[in-house]
Amino acid sequence: MIIDLRSDTVTKPTKGMLEAMIQAKVGDDVYKEDPTVNVLEERLAKMFGKPKALFFPTGTMANQTAIKLHTNPGDQVICDKDAHIYNYEGGGASFNSGVSCKLLQGHRGMFTAEQVVEAINPPDFYHSPLTALVEVENTANRGGGSCWDFEEMKKIKSVCNTHNLGYHLDGARIWNALVAKKETAKDYGNLFDTISVCLSKGLGCPIGSVLIGDETIMQHAIRIRKILGGGMRQVGYLAAAGIYALDNHVERLAEDHKKAKEIGQVLNELPFIKKVEPVETNIIIFELQNKTDEPKFLNKLQEKNIRLSGMGQGKLRIVTHLDYTDLMHDSFLSVLKAIKL
Ligand SMILES: *Cc1c(COP(=O)(O)O)cnc(C)c1O
């Protein structure tokens, strides 16, 4: 038994999901003739109360498309220093859109409306890049699966309105936030111009993200996706996995959150652990007392077929997910309790 806690992307499709995929009706999606893709897009658009949604192979491509839709070359995007679009998309914001990022020193991947106001360059001061977009990540990955305060996101929206800025949500793990905070997708649809969501994280699909947004801005999304090489053919097989996941794998995220909290509690009691970030969803970020003990700690876990990932700067990350069973959970907790460094 391998207990893989590196990421919620390591899941494999369940039997039910595979059956749904095999039975999918498909067509050429480049002609917009794949009925299953069309159903998935319509369903997500409706769910978020937006007119348009477009299926993407990855969350990165969906985010990159959103950045392109909101900006012109030379513009600036405001985001947290820990944002996925800045740290983990290969420099795509500058490569694809020719924009720079103004990084905010947020707390656990989240920032305030006040910080946004301070970061906006005055539009008539032509020496500075033109601020065009504010990007928020919920839940925040490097923040430890932290959930934004909805009121703060609302305040930022009003700043965006005042300064004529686009507002994009990287909702790769929005499902975790919805379940943890008992919020609705429509709440988010009301606030953001564009929203990217992942089907391949907590929801357990092998692939797939969707960009959801307002009519005018989404008009050009399909062209940008084409330019990025993201036109796909009979991908109803993949969209079917997404539909299945929306039906079956959203509410169950509460189980992942419960397990993550239990892991956090055990970690908190271990003498060689310095700090565990508050656990809000399915991600646990923690630090060892001695950074130099990291290889030893990871080795001891590896001996028991347990994998987790280092995040640099002495931080370690555990992510619970669909394929992390009750049996694995019990086994992992007892291994943890028995470790001596
Ligand atoms: C995983 C992830 C994405 C998208 O990643 P892909 O691997 O390209 O699907 C975007 N944002 C966040 C916060 C993520 O965790």
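Looking at an unreviewed UniProt entry, one finds the protein named Threonine aldolase and attributed to Formosa maritima. Per UniProt, the protein has the following entry under Cofactor (unreviewed entry): "pyridoxal 5'-phosphate". Note on the protein: under the UniProt heading Sequence similarities (unreviewed entry), the record states "Belongs to the threonine aldolase family."

Caption draft 1: Quick peek at the sheet that holds strand β2 (residues 52-56). Across the sheet, which stays open at both edges, the 7 strands sit in the order β2-β8-β7-β6-β5-β3-β4 with mixed pairing between neighbours. Bordering the open sheet on either side are β2 and β4 (100-104), each of which pairs with just one other strand. Looking at each pair of strands side by side, their axes are set apart by 20° on average, direction ignored. As paired strands, β2 and strand β8 (residues 209-213) are joined by 5 bridges and run antiparallel to one another. Across the sheet, the residue bridging to F55 is V210, located in β8.

Caption draft 2: Local environment of the UniProt feature "modified residue: N6-(pyridoxal phosphate)lysine" (unreviewed entry) in the protein. Per the UniProt record, "modified residue: N6-(pyridoxal phosphate)lysine" (unreviewed entry) is found at K201. Ignoring anything within four residues of it in the chain, the contact list for K201 reads D8, T9, T11, A172 and R173.

Caption draft 3: Structural view of the side chain of D34. Along the polypeptide, D34 turns up in the loop between α1 (15-22) and α2 (35-47). Here D34 sits buried without a salt bridge, and the closest side chain of opposite charge, K32, lies 8.7 Å off (N-O distance). At 3.0 Å, the side chain of D34 and the backbone nitrogen of T36 are in polar contact. Filtering out sequence-adjacent residues up to four positions away, D34 remains in contact with K25, V26, G27, D28, D29, R233, Q234, V235 and G236.

Caption draft 4: Just the sheet that holds strand β12 (residues 309-312), in detail. Strand order in the open sheet formed by 4 strands is β9-β10-β13-β12, and the pairing between neighbours is antiparallel. In this open sheet, the two edge strands, each paired with only one partner strand, are β9 (273-276) and β12. Averaged over all pairs of adjacent strands, the angle between their axes in this sheet comes to 35°, without regard to strand direction. Taken together, the 3 bridges between β9 and strand β10 (residues 283-288) define a ladder with antiparallel strand orientation. Opposite V276, over in β10, you have F286 as the bridge partner.

Caption draft 5: Examining the site of the ligand more closely. For the ligand, the full set of nearby residues is T58, G59, T60, N63, H84, E137, N141, D170, A172, R173, C198 and K201. T60 places a side-chain nitrogen or oxygen 2.6 Å from an oxygen atom of the ligand. One of the side-chain N or O atoms of R173 is found 2.9 Å from an oxygen atom in the ligand. Relative to its free-state accessible area of 380 Å², the ligand is covered by the protein chains to the extent of 84%. The element contributing the most residues to the shell around the ligand is helix α3 (residues 59-70), with 3 residues.

Caption draft 6: Layout of the pattern of salt bridges. Per the counting criterion, the structure on display carries 22 salt bridges. A salt bridge links K15 to E19; the shortest N-O distance between them is 3.8 Å. In this pair, K15 and E19 are both assigned in helix α1, 4 residues apart and thus about one turn of the helix distant. Classification of K15 as exposed rests on a relative accessible area of 67%. Residue E19 is classed as partly exposed on the basis of its relative accessible area, which comes to 42%. Across the pair R108 and E277 runs a salt bridge, and its minimum N-O distance is 3.3 Å. Residue R108 is located in the loop between β4 and α6 (113-119), and its partner E277 is located in the loop between β9 and β10; the two are separated by 169 residues in the primary sequence. Take R108 and E277: they sit in the same class, and that class is buried. Overlapping salt bridges, with partners in common, bring together D29, K32, E41 and R225 in one network.

What counts, and where the lines are drawn
- Residues numbered from 1 in each chain as written.
- Predicted model: local features only at pLDDT ≥ 70, side-chain atom pairs only at ≥ 80, totals over all residues.
- Heavy atoms only, no water.
- UniProt positions renumbered as here; feature names shortened; annotations may be inferred.
- Pairing = 2+ DSSP bridges.
- Helix = DSSP H or I, 4+ residues; strand = E, 2+ residues; numbered from the N terminus.
- Axes fitted to C-alpha atoms, helices over the stretch in contact; angles between N-to-C directions.
- Contact = heavy atoms within 4.5 Å.
- Buried < 20%, exposed > 50% of the residue type's maximum accessible area, 1.4 Å probe, protein only.
- Lys, Arg positive; Asp, Glu negative; His and termini not counted.
- Salt bridge = Lys/Arg side-chain N within 4 Å of Asp/Glu carboxyl O.
- Polar contact = N/O pair within 3.5 Å; in protein donor to acceptor, adjacent residues only side chain to side chain.
- Near = heavy atom within 4 Å.
- Areas by Shrake-Rupley, 256 points an atom, 1.4 Å probe, with all protein chains shown as cover.

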